[in-house]
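An overview of the molecular structure
Given next are the chains, with one letter for each unit.
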Amino acid sequence: MKKLILFAVLSFFVSSAFASDGNIKLPAPEKSGGIGVLDALSARQSARDFVDGEITLQQLSNLLWAAGGVNREDGKLTYATAMNLQDMIIFVFMKSGTYRYEPSAHSLTLIAEGDNRALTGGQPFVAKAAVDLLYIQDTEKWPESRRGDPATILNCGFAHAGLSMQNVYLYAASQGWGARTRMNFDREGLTKLLGLTEKHNFTLMQCAGPKP
Ligand SMILES: Cc1cc2nc3c(=O)[nH]c(=O)nc-3n(C[C@H](O)[C@H](O)[C@H](O)COP(=O)(O)O)c2cc1C
């Protein structure tokens, strides 16, 4: 019960951080503290139970920075990408709306208002998790000279998503939250909602957030 009240209070702070255009400027991520990486590895697991709601803006900032933020002055990220192509777009589905994460600005661009979490999968917990992340690969980030083998590009997309998702698993473990990688979602609905085209490859999704 205490957890739920705290959750409701914190939700208020998230809602008040929206700009008038609906975009969200995230506070600087916390880059130290938390539990040790070995403890996080010991706790990592996939959850099926989530508390329906939102997280604080600071937690959202930390989560997205872990997922794929900039961690060095040269603009490189918290996860590795082939040739540093940074070809993944992380779409963020929350109760308040659907956003695209912008690593260099560490901000969220509003794509669609309202709660579209249910569109991201048929399993019941999907619509309850505070955050659902969709990993889409932008194949146009690949130089034309390397576009001859679509399978290699797609394989790299899945590898990139996996590297990022493990960061999210570890951050979730450090918070005592749940997280779960997912491969089933409404591709047609998501393509329409997000305005995706042939240049975009679907990879995987992941939900994360507080659990009961
Ligand atoms: C590529 C991939 C796809 C997955 N897809 C789903 C899914 O669609 N639905 C689901 O409930 N879990 C999904 N999972 C989670 C696995 O079921 C889970 O990782 C596995 O049972 C092992 O549990 P653990 O992560 O707690 O070690 C997926 C995991 C991976 C790596």
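As a reminder, the structure under discussion sits directly above these lines.
Residues numbered from 1 in each chain as written. Predicted model: local features only at pLDDT ≥ 70, side-chain atom pairs only at ≥ 80, totals over all residues.

Re the overall build of the chain
- Scanning the chain from N- to C-terminus turns up 5 helices and 7 strands.
- The linear arrangement of helices and strands in the chain, starting from the amino end, is α-β-α-α-β-β-β-β-α-β-α-β.
- Relative to the 2.2 N^0.38 estimate, which gives 17 Å for 212 residues, the radius of gyration of the chain is 17 Å and therefore close to what a compact globule would have.
- Seen through its C-alpha atoms, the chain measures out along the principal axes to roughly 55 × 40 × 35 Å.
- When the 212 residues of the chain are sorted by exposure, 37% land in the buried category.
- By sequence separation, contacts in the chain at least 24 residues apart represent 76% of the contacts at least 6 residues apart. (Helix = DSSP H or I, 4+ residues; strand = E, 2+ residues; numbered from the N terminus. Rg over C-alpha atoms; globule rule 2.2 N^0.38 Å. Buried ≥ 20, exposed ≤ 12 C-beta atoms within 10 Å, placed from the backbone. Contact = placed C-beta atoms within 7 Å.)

Some points on the sheet that holds strand β7 (residues 200–209)
- Sheet architecture is open: 7 strands sit in the order β1-β4-β3-β2-β5-β7-β6, paired in antiparallel fashion. In the strand order of this sheet, the two ends are held by β1 (24–25) and β6 (178–182), each with one partner.
- By the bridge criterion, 5 bridges tie β6 to β7 in an arrangement that is antiparallel. For Thr 181, the partnering residue across the bridge sits in β7 and is Gln 206.
- Across the face of the sheet, helix α3 (residues 57–68) comes into contact with β2 (88–94), β3 (97–102), β5 (131–138) and β7 while running at roughly 155 degrees to β2.
- Most of the contacts of helix α5 (residues 187–194) go to strand β4 (residues 107–113), to which it runs at about 110 degrees, and overall it touches β2, β3, β4, β5 and β7. (Pairing = 2+ DSSP bridges. Axes fitted to C-alpha atoms, helices over the stretch in contact; angles between N-to-C directions.)

Here we look at the pairing of β5
- Of all 8 residues that make up β5, 7 are buried, and the element is covered over most of its length.
- The pairing of β2 with β5 spans 6 bridges and is classified as antiparallel. Paired with Ile 89 across the bridge in β5 is Ile 136.
- Here β5 runs beside β7; their pairing, made up of 7 bridges, is antiparallel. Paired with Gln 137 across the bridge in β7 is Asn 201.

Here's the deal with the site of the ligand
- The local shell around the ligand consists of Gln 45, Ser 46, Gln 123, Arg 180, Thr 181, Arg 182, Met 183, Asn 184 and Leu 204.
- The biggest single contributor to the shell around the ligand is β6, with 3 residues.
- In terms of residue class, the shell around the ligand is made up of 2 nonpolar, 5 polar and 2 charged. (Near = placed C-beta within 6 Å. Nonpolar A, V, L, I, M, F, W, Y, C, P; charged D, E, K, R; others polar.)

Considering the nonpolar core
- Counting residues in each nonpolar core, the largest one holds 43 residues, and the members touching the most others are Leu 63, Val 92, Val 131, Leu 133, Val 168 and Ala 208.
- Among the secondary structure elements, those contributing two or more residues to this core are α3, β2, β3, β5, α4 (150–175) and β7.
- Examining the composition of this core, we find that 8 residues originate from one element, α4, more than from any other.
- In this structure, Val 131 is in contact with Leu 63, Val 92, Met 94, Cys 207, Ala 208 and Gly 209, ignoring residues within four places of it in sequence. (Core = buried A, V, L, I, M, F, W, Y, C linked by C-beta atoms within 7 Å.)

Quick look at the packing of α3 against α4
- At their nearest, the axes of α3 and α4 sit 7 Å apart, and the two run at 145 degrees to each other. Remark: the crossing between α3 and α4 carries right-handed chirality. In this structure, α3 uses Asn 62, Leu 63, Ala 66, Ala 67 and Gly 68 to contact α4, whose residues at the interface are Ser 164, Asn 167, Val 168 and Tyr 171.
- A per-class count over the contact of α3 with α4 returns 5 nonpolar, 4 polar and no charged. (Left-handed = near helix turned anticlockwise from the far one by under 90°.)

Some words on unusual backbone geometry
- Phi at Met 83 is positive, roughly 55 degrees, even though this residue is not glycine.
- Here Met 83 lies in the loop between α3 and β2.
- You can call Met 83 exposed: it has 11 C-beta atoms within 10 Å.
- With a phi close to 45 degrees, His 106 is a non-glycine residue in the positive phi region.
- Secondary-structure assignment places His 106 in the loop between β3 and β4.

In short, shape yes, function no, at least from these values alone.
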